[in-house]
Each structure stands twice: as structure tokens, then as C-alpha cells.
Amino acid sequence: MSEDDEDQSPATDLRSQPPCSPNKSRNCISSSQTFPDHVLENVLENVLQFLDSRCDRNAASLVCKLWWKVEGLTRSEVFIGNCYALSPARLTQRFKRVRSLLLKGKPRFADFNLMPADWGANFAPWVSTMAKAYPWLEKVDLKRMFVTDDDLALLAESFPGFKELILVCCEGFGTSGIAVVANKCRKLKVLDLIESDVTDDEVDWVSCFPEDVTCLESLAFDCVEAPINFKALEGLVGRSPLLRKLRLNRFVSLEEVHRLLLLGAPQLTSLGTGSFSRGDQSQQEPPDYAAAFRACKSVVCLSGFRELMPEYLPAILPVCANLTSLNFSYANISPDMFKPIIHNCHKLQIFWALDSICDEGLQAVAATCKELRELRIFPFDPREDTEGPVSELGLQAISEGCRKLESLLYFCQHMTNAALIAMSHNCPELTVFRLCIMGRLRPDHVTGKAMDEGFGAIVKNCKKLTRLAVSGLLTDQAFRYMGEYGKLIRTLSVAFAGDSDMALRHVLEGCPRLQKLEIRDSPFGDVALRSGMHRYYNMRFVWMSACRLTMGCCKDVARAMPNLVVEVIGSDDDDVNRDYVETLYMYRSLDGPRKDAPQFVTIL
């Protein structure tokens, strides 16, 4: 259930030389004639070290060659939104003092099994290059990358001061690799494994942490589908006085959570409960779980609740008044179980849940959570032919009661234009709006009309919108609205929508900030693809699967745009001579096509 965080800044400037206008060049030259170069560099270094924003740093690097050089010497944090947009060698040549790297691999549609597992996004070349160039590296944050145990071992051995490892939706590694990191990274502060596929190597990785006091501030392993050594975990928590975030997996029972809370509760601010059921049923009287939560005076973020036993849910009531974030996305909770909890969460700003809370539960959220900024409702049963428990009634209640809402992800089976129009007026601060009507091509279930006017109202009235996902029955008119009003949209996701190529043309010609375009199962063909050729160099990627593209058109685009990598993704048994393109993935790259493409990927 993870999602991409919307990147609000341009991509890192990694070009070999900055584009410098004649006027800027003259200014730089005249300045350097007045002061020696090393003096200017020293001054700039002292100034640029205070720039934290990626956007500001990218702008500074474009002033002139001197600024470009000094900015490269002073940047300590680098974000790369596509691991194939450049080579690791270019990174180390451009930036000499990097301490933190955030690197993304596969596009988001990989989460929906739309990309073969062995497509690529390997971490190996990055860690091997950085091991030589950045021995002082402290942080690595990876998303949708293929990471092996050997990669983790090299990381642990190469960076003696390493402090933070965050792996989101990654695969390829197991508990053996995690054990090496825990054992060798003696200054480790953060080890967060989030929705990653971790192999159970039957290794007791928790016991590998240092036996003395640790530096741990955050430990998240709720995605690890393997039993753990609870005695070792208990000892680890006890000797980690700085621990603020702890997210447990489902193999940690409620009794064990109770013991951990009594041990380390005072300093915790974020807790993932793991399993919310009793492990040892032999005791006639269960512990006082509410007392343990009552000791958690600092907890503001609560998640977990796997394998929930509803009779124990009231135990969290003592912490509800302070919660700003509550995640029930793994808990099948009925409205009757949910309402007594949510009525105590007046400070809540982030709320995730399954649709089992029904419209009735959403109405309770709307009545209580006036400070809500982010809402995500996931389907308990994702099949298209089911009768969903949430609808336009719950959405309209949220729009009326939670008027500070900024981000929405909402799965449902049917919707109305009226509910979307109401939301566009009631929640004008929305920056993210993702409505997923799971049944294909479903119209407004009250009027029978297309959902054009509802989505049109969203893009027209929510003037800060940067991310949009559309679904339901949509004609070209909805896309005309997007092109006319969606001037800040950076990410657009489309499924089963549109009438013709004109729909995509409206978007590509009308949305100047568009960076990421994801399309599946829509009637867009060659004309639509060609209409965006003036835009592709300025976009991070374009993904189109199960559309109406031909190989000939894709080859034409590749020939016309040599700095754009055009990948056609099929399967091992695809006919190489067929003209139909199953999946197209295009992205800009400073170093040309990648060298590790598997057999089912054709780079044009």
C-alpha cells in the first residue's frame, strides 16, 4: 500500500556543464577578475551550505560555471528519481561530498504486477561505485530497487559511519543481509524496512545488533514475514534509549507488545503494534493492555493491528487523544468497533483504513477529525464485481467535515459527479486526489452520465493540485478539463479512460508541469504518443501499457529523441516481429540506454 511521495522539486542537475547565458558568463568572468577564484569559491561554499532545498540548489547550479562547480562540492544530499536517468559514475563525478542518497528504481505500476519481477533497478552498481567515492556516506533511502544480501554486506563494510538505511518496496535481499547491517553498522540510527519483500533465511538478525547501548532511533520491520527472537528484541529496545519509532511484524503478539511498552514506552512517538491478538492463550487473565498504552504518553503515530482481536481494540483509547496519525489499513474493523476509537481522535491529521469501516465510519471521521490532512481508504476485497461498503456518501461527508484535507486516496465501487463537485468546493487545499473506482468504465451511478464533470470540478477548483488519478467512465471532455485547468499537475495516472487520441493530446499540450504520466488499458495510440514529443525531455517518465501503440511509432520517437530511452517491455515468449506494443516505458537519461536490460526488454 505504499505510494510515491510527490517530489516537488526538479531533478538534480547532473549535466557535465551548466547552461550559461552570455550575460551570466560575462558577469561571472568580471567577478573572477576582481577576486581570485579561490576566494569566490570559499565565499560561495559558506553561502551554499545553508541551502537545503533541492529546488534552490538546482537553481543555484544554473547561475554560471563557478556556481555549478561549488554547488557540486557542497551538496551532501542527492535525490535521483530514476536509477537509469544517469550512471553511478556521473553521480560521483558531479558531487564529491555526498552523505545521503535517495534513489528510486521501478515505476509505480510495478506495484500492480504490471512489470516483470526481473526487469532491473539493481542497486549493485550504485553501492560499488559509492564505496570507492563516498567512504563517509551516512544514509541510503531506496524505493523499488533490487537489493541483494551482497549489496547490503558491501554497504555495511564500506561506510564506517553509516547511520540510516530505508528500503521501501524493495526486493532481492533477506534476513542474512539485514543481519550484516545490524552487526557491522555500529552507528546505525534508522533501519526501516517498509513493504519490502524480505526472504526468511532463518537468521536471528535481531541478535546481531551491538550488545552495548545502541544509537537506534527508528526500527521498522513490519513487512518481514518471519518469526523473530523476542528476547533479543526486548533486550535491544531496553538498550536503545533514543528509540522513537518501533514498527513490529505480525509475529510479535499483543502480550509481547505489552512487555515492550512497559520497557520502552516513555520515549516512543511512533508505534506499529504488529499482531493485535494474544499469543499465549494459556493465561486465564490477559495483561492490562490499556495500562501499557497509558504509559505511552508521547505516542502520536499508531499503526499495525494485524490479526486483530476486536475485544482488545479499546486498549488503545488512552493514546487516542494525542494521535496525529492512525493506520488501520491492515485491520478489518467494523463501524461499531471503529466509532468509539475515532471519536477520541480530535488531533488526527493522517488516517489510513480499509473500507470495512463503511460510509458510517467515514461519517464519524468527518464529525471528529477537523484537522485531517491526508485520508487513504483501501479495499478489503479488491475484486471488481463486489458491492463496496464505501461510496459517495462517505466521500461527501469527508468533504463537508474535513475541510483542511490536502491528500486523498479513495477506493470504491461507484461514485457520483455531485460528490466530486462538492469535494472540489469544500476542500480547495487538495494537492493529491486519487479516486479509484474499481469497476471498469463505471458512470455516475445515479445519473448514468460519464464522470467528466466531477473530475473537471476537481482540477478547476483545487488550484494546488499536483497529483491526480482518474477512473470510471471518462470521455475526452474530462481530459480537456485537465489540460485547461491542471497547470500544476506533476503526476497523472489513467486507467480505462478516454475516447480517442485527443484526450491525451489535451493533457500533453495543456499541463506544463507534468513529470510522470502513467496510463493503462486506454484507447490511446500513435497520434497521442507523437503529440507529446515536445514534452518528453522535460518529463521524468511516460508509462503506457495495453494501449494502442505500434512498434513503428515507438521507433520513430526513439529516432527523433536520441536522449530519450524508449523501452518496449514484453515477455520472453513474445513475437519480436509483431507490431503491437504491450508496454512502453520512456524516460530521459544523461548516459544513454542501460546495459542490464533483460531479454524481454527491447531498447529502441
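Everything quoted here is computed from the prediction, not taken from an experiment.

Cut-off values and rules
- Residues numbered from 1 in each chain as written.
- Predicted model: local features only at pLDDT ≥ 70, side-chain atom pairs only at ≥ 80, totals over all residues.
- Heavy atoms only, no water.
- Axes fitted to C-alpha atoms, helices over the stretch in contact; angles between N-to-C directions.
- Helix = DSSP H or I, 4+ residues; strand = E, 2+ residues; numbered from the N terminus.
- Parallel < 35°, antiparallel > 145°, perpendicular 65-115°, else oblique.
- Contact = heavy atoms within 4.5 Å.
- Nonpolar A, V, L, I, M, F, W, Y, C, P; charged D, E, K, R; others polar.
- Buried < 20%, exposed > 50% of the residue type's maximum accessible area, 1.4 Å probe, protein only.
- pLDDT = per-residue confidence, 0-100.
- Phe/Tyr/Trp six-rings, centres within 6.5 Å; stacked < 30°, edge-to-face > 60°.
- Pairing = 2+ DSSP bridges.
- Right-handed = clockwise from strand over helix to strand, strands pointing away.
- Core = buried A, V, L, I, M, F, W, Y, C linked by side-chain atoms within 4.5 Å.

Q: Give me the packing of helix H16 (residues 417-426) against helix H17 (residues 452-461): which residues, what numbers.
A: The N-to-C vectors of H16 and H17 enclose an angle of 5°; their axes lie 7 Å apart at closest approach. With respect to each other, H16 and H17 are oriented roughly parallel. Together, Asn417, Leu420, Ile421, Met423, Ser424 and His425 of H16 and Asp452, Glu453, Gly454, Phe455, Ala457, Ile458 and Asn461 of H17 make up the contact between the two elements. Along the lines of polarity and charge, the residues of the contact of H16 with H17 split into six nonpolar, five polar and two charged.

Q: Kindly report on helix H14 (residues 358-368), identifying the contributing residues and their values.
A: Along H14, the residues that are buried comprise Asp359, Gly361, Leu362, Ala364, Val365, Ala366 and Thr368. Residues of H14 that are buried sit in contact with helix H13 (335-342), strand E11 (350-354), strand E12 (374-378), helix H15 (392-401) and strand E13 (407-412).

Q: Please give an account of the confidence of the model for the chain that cites residues and values.
A: Per-residue pLDDT for the chain has a mean of 90; in total, 91% of the residues score no lower than 70. Note on residues 2-6: pLDDT is under 50 here. Beyond four places in sequence and across chains, it has 24 contacts. Across residues 20-32, confidence stays below pLDDT 50; counting only partners more than four residues off in sequence or on other chains, it has 10 contacts.

Q: An account of the packing of aromatic side chains is requested, with residue identities and associated values reported.
A: With the rule as written, the count across this model stands at 21 aromatic pairs. Taken together, a centroid distance of 6.3 Å and an interplanar angle of 50° make the contact between Tyr134 and Trp136 tilted. Of the residues examined, Tyr134 reaches a relative accessible area of 1% and is grouped as buried. The exposure class of Trp136 is partly exposed, given its relative accessible area of 32%. Aromatic side chains Phe276 and Phe293 sit 6.3 Å apart centroid to centroid with 45° between the ring planes, which places their arrangement in the tilted category. Of this pair, Phe276 sits in the loop between strand E8 (270-272) and helix H11 (289-294) while Phe293 is found in helix H11, placing the two residues 17 residues apart along the sequence.

Q: Tell me about the pairing of strand E17 (residues 516-520), and name the residues and values.
A: Summarising burial for E17: four of the five residues are buried, a large majority. Note: strand E16 (residues 491-495) against E17, five bridges, orientation parallel. For Thr491, the partnering residue across the bridge sits in E17 and is Lys516. Of the crossover connections in this fold, the one passing from E16 over helix H19 (residues 501-510) to the parallel E17 is right-handed.

Q: A description of the pairing of strand E20 (residues 583-588) should follow, citing residues and the corresponding values.
A: On a regular strand, each side chain points to the face opposite its neighbour's, so the side chains alternate between the two faces of the sheet. Burial within E20 is extensive, with six of its six residues counted as buried. Alignment of strand E18 (residues 541-545) against E20, held across five bridges, turns out to be antiparallel. Within E20, the position partnered with Val542 by the bridge is Met586. Sheet topology note: the strand E19 (residues 564-569)/E20 ladder contains six bridges and is antiparallel. Bridge pairing in E20 links Ile569 to Thr583.

Q: Lay out the nonpolar core in plain terms, naming residues and giving numbers.
A: Among the nonpolar cores identified, the biggest contains 177 residues, and Phe123, Leu219, Leu233, Ile316, Phe328, Phe351 and Phe433 are the most heavily contacted of them. Beyond its immediate chain neighbours, meaning those up to four positions away, Leu233 contacts Val206, Leu219, Phe221, Ile228, Leu248, Val252 and Leu260. Judged by nonpolar contacts, the second largest core, of seven residues, contains Leu44, Leu48, Ala60 and Cys64.

Q: Could you give me a rundown of the environment of Ala367, with the residues and numbers involved?
A: The residue Ala367 is located in helix H14 in this model. Residue Ala367 is classed as exposed on the basis of its relative accessible area, which comes to 54%. Counting along the chain gives 34 residues from Ala367 to Gly401, while the straight-line C-alpha distance between them is 5.9 Å.

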